Amino acid sequence: MAFEPKRPVNKISYQESRIYSDAELKNYTEEELKNFKIKHEIPMLEELEKGPWPSFVADAKRNALRRKKLADDKMLIDREGSEDLLGVLEQSFVEGETHWKHGGIVGVMGYGGGVIGRYSDLAEKYPSVAHFHTMRVNQPASKFYDTDFLRTICDLWEYRGSGLMNLHGSTGDLVLLGTTTEQLEPIFFDLTHVMDTDIGGSGSNLRTPSCCIGKARCEFACIDTQELSYELTNYYQDELHRPAFPYKFKFKFDGCPNGCVASIARSDLSFIGTWRDDIRIDQEAVKGYIAGDIKPNAGAHGGKDWGKFDIQKEVIGLCPSNCMAMVDGKLTINNAECVRCMHCINTMPRALKPGTDTGVSLLCGAKAPILDGAQMATLLVPFMKAEAPYDNIKGVIEKIWEYWMDEGKNRERVGEMIQRIGLPKFIEVLELPPAPQMVKAPRSNPYIFWKEEDVAGGWKRDINDYRTRHKR
Amino acid sequence: MMEELKKAILEFAEGSKKTKFYFKDMEKAVSEKVPGAKMREVKKAASELVMEGVLIYFSTGSSTMYGLKGRGMTEDPTEGSE
C-alpha cells in the first residue's frame, strides 16, 4: 500500500533554501588541509587519524578550516567550536576526566525534550564551547532521506550551529552537536516550519521511535515497520515532547526476527515481526540449493570457497529446535517447534519464506547499563496482528505506561521494574495470559504460581497443619 | 478542575524544599490535594504551567524534572544556586 502522510508535507528544495554556495562549501584545498594546524596541540587525538578508518578528528579539522575561511556573516555562533572541542577532548584524554557538564533548563518553548544542555567547565580556555548544546532531530522512518533534506539541514546547522553532527545517535535521531541557547528557537522554527520535521525525544520522554527498513526494501519484513513507527510517533506526540514518565522509554520496530535494529536489546518495548502459520517452502528451489544451482545466503559470504552446499550440515543440523528434516527428498518443517531463528530462511531465501499470517511479537524491558546491568527484553505477547490503526498495540502500550507511571520509581526503567515486581505480577496487571514462550525452559521452570481461583475446584490448605510436618 | 490542579502544583512547587522535583512526586502531592485527579490531567496542567512560563523543565539529557522558574536555576548552570 502506498504511503499516505497524515497531512500535506512541505517539498524541500535545496536550491531555494541553501545558505552556502558550492565555493563556500569547498573553500579550501587538500594542500591547505594538510598544512592546517588547529590552535591547540592535540597529539593524542591525532593518533586517532592514523589507520584505515575515517576519523572524527580529521572531519573536525576539515570543519575548522572551512569555518576559518568563511565570512563573518555566514555563521551565527563562534567559528572556533571545532577547534575548542578538539582541545577540550585532548585535555580530557590527558587528565582522564571529562570537562563537560550536561543538563540544564535549555529547550524550546513548550517542549521538555529534544535539546540537551552541554557546558564546558573550562569556558575561559575553550570559550567557543562554553555553551555547546545538543539538538536531536526526529529521523524519518528507516532513515530514508532525499539529498535536498540532508543538504538543507547541513547548511542550517553550519549557519546556526557548529556544523558538527552525528548521523545517527543510538536512539536513531540526527544529533546536531553544539549551538548556543539563543539559536535554539530559530533552529526549531526552521526545522518545523521549513523542513517539516520535528525534534526528537530526550529525558523522561518517549524517545524517538526507530525502525528497520521494513517492507520498503526487505522481503523478510512481516510487518510494515515504517507505517507502525510513523503512526506511533504521531499518535504519541505528547509523550515524546512533554515528560511525565519515571525515566526514558524507547520503542523500536524490527520487521522480522533477524532484528536489524536490535529492538530486543535496545528498546523498552520491542516490536518484532513474525508469523503464526507455516514457513513457505518451494521444494524446487530447495533442490536448486542442494544441486548448487542457487547460491546459499543469497551470495553473501561468497568471497571464500566453502565447498559444496550441504543442506544437512548448514541448515537442518543447525536448526536450534531440530524441527527440520529431509523426508523422501523433500524438506519438511515441524512448524509448531520453530523458534523463528531465521537461519534456514536466511540461508535459502529462494526456497523458504516466512508464513503469510503475519503480525508482531511484543517484548518488554531491554536496557543498557546505566543504573543497573544491561538486560534483554522479555516476551509479553507472542503474537498479535499489526494493522492500522493499531488499536490492539496501543492498548498494550497504554496499560504498560499506566502501571509503570504509577508503580515505577523515579529513574527506574520499565525492565528494572519488571525485575523488581516479577513477570507474573506484570502480566497480571496487563491482563495478558501467561505463555510458555515467556520463559526459556517452560517444562522445568515453575514461572507461574497458580491462585486458588485459577484452578477448577480450588484447594484448601492449612498452613499450621503444613508447619507441623515442615519446619521453617 | 484545571485551575484547581494548577493551584495544587504551585503549592507543591512553592512548598518544596527542593528546587527541582520529579513528575511522580509532584503528581503524588497533587492527587492528595485534589482527590480523583488523573495522572494525565496533572500532566496537562503542568504542561500549561510550562507554557505560561511559571514552571520549567530541567533535563539532564537522560531524565527530566520540573522546577519553578527563577528558583534555583538559570539557563547557565554555573549561575544557579545549586
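Residues numbered from 1 in each chain as written. Chains lettered and ligands numbered in written order. Predicted model: local features only at pLDDT ≥ 70, side-chain atom pairs only at ≥ 80, totals over all residues. Heavy atoms only, no water.

## Focus: the environment of A:Lys37
Residue and element names in this part refer to chain A. Basically, it comes down to this: Here a strand is any run of E in DSSP of at least two residues, a helix any run of H or I of at least four, and the numbering for each starts at the N terminus. Three exposure classes are used, based on accessible area relative to the maximum for each residue type with a 1.4 Å probe and protein chains only: buried under 20%, partly exposed in between, and exposed over 50%.
Looking at where Lys37 falls in the secondary structure, it is placed in the loop between α3 (30-35) and α4 (43-47). On the basis of relative accessibility, which here comes to 57%, the residue Lys37 falls in the exposed class. Between the alpha carbons of Lys37 and Leu65 there is a distance of 8.8 Å; along the sequence they are 28 residues apart.

## Re the layout of surface pockets
All names here are of chain A. Short version of the rule: As defined here, a cavity is a set of points on a 1 Å grid over the protein atoms alone where a 1.4 Å probe fits but cannot get out. A pocket is an open set with protein on both sides within 12 Å along at least five of seven lines, and residues line them when an atom is within 4 Å of a point. Grid points are joined across faces, edges and corners, and a volume is the space filled by probe spheres set on the points.
Approximately 1,600 Å³ is the volume attributed to the largest pocket. The wall of the largest pocket is formed by 45 residues, among which Phe3, Pro5, Pro140, Ala141 and Tyr230 lie closest to the centre. Listed by contribution, the elements that provide at least two residues to the lining of the largest pocket are α9 (225-235) and β14 (358-364). Looking at the lining of the largest pocket, the element that brings in the most residues is α9, giving seven residues.

## Focus on the domain arrangement of chain A
Residues and elements named next belong to chain A. Put simply, the rule reads: Residue ranges for the domains originate in an automatic or database domain assignment. Residues count as neighbours in contact if any of their non-hydrogen atoms are within 4.5 Å of one another. Summed over both partners, the accessible area (1.4 Å probe) lost when two parts come together is defined as the buried area. Put simply, a salt bridge is a Lys or Arg side-chain nitrogen that is within 4 Å of an Asp or Glu carboxyl oxygen. Pairs of N or O atoms within 3.5 Å make up the polar contacts considered here, provided that, within protein, one atom can donate a hydrogen while the other can accept it, and that residues adjacent in sequence are counted only when both atoms are side-chain atoms.
Annotation of chain A at the domain level lists domain 1 (14-194), domain 2 (210-274 + 360-454) and domain 3 (280-353). One C-alpha centre belongs to domain 2, the other to domain 3; they are set 31 Å apart. Facing six residues of domain 2, the contacting portion of domain 3 comprises six residues. Here domain 2 packs against domain 3, burying approximately 500 Å² in sum over the two surfaces, 55% of which is carbon and sulfur. Across the domain 2-domain 3 interface, the total number found is zero salt bridges. Applying the counting criterion to the domain 2 and domain 3 interface returns two residue pairs in polar contact (both at pLDDT 80 or more).

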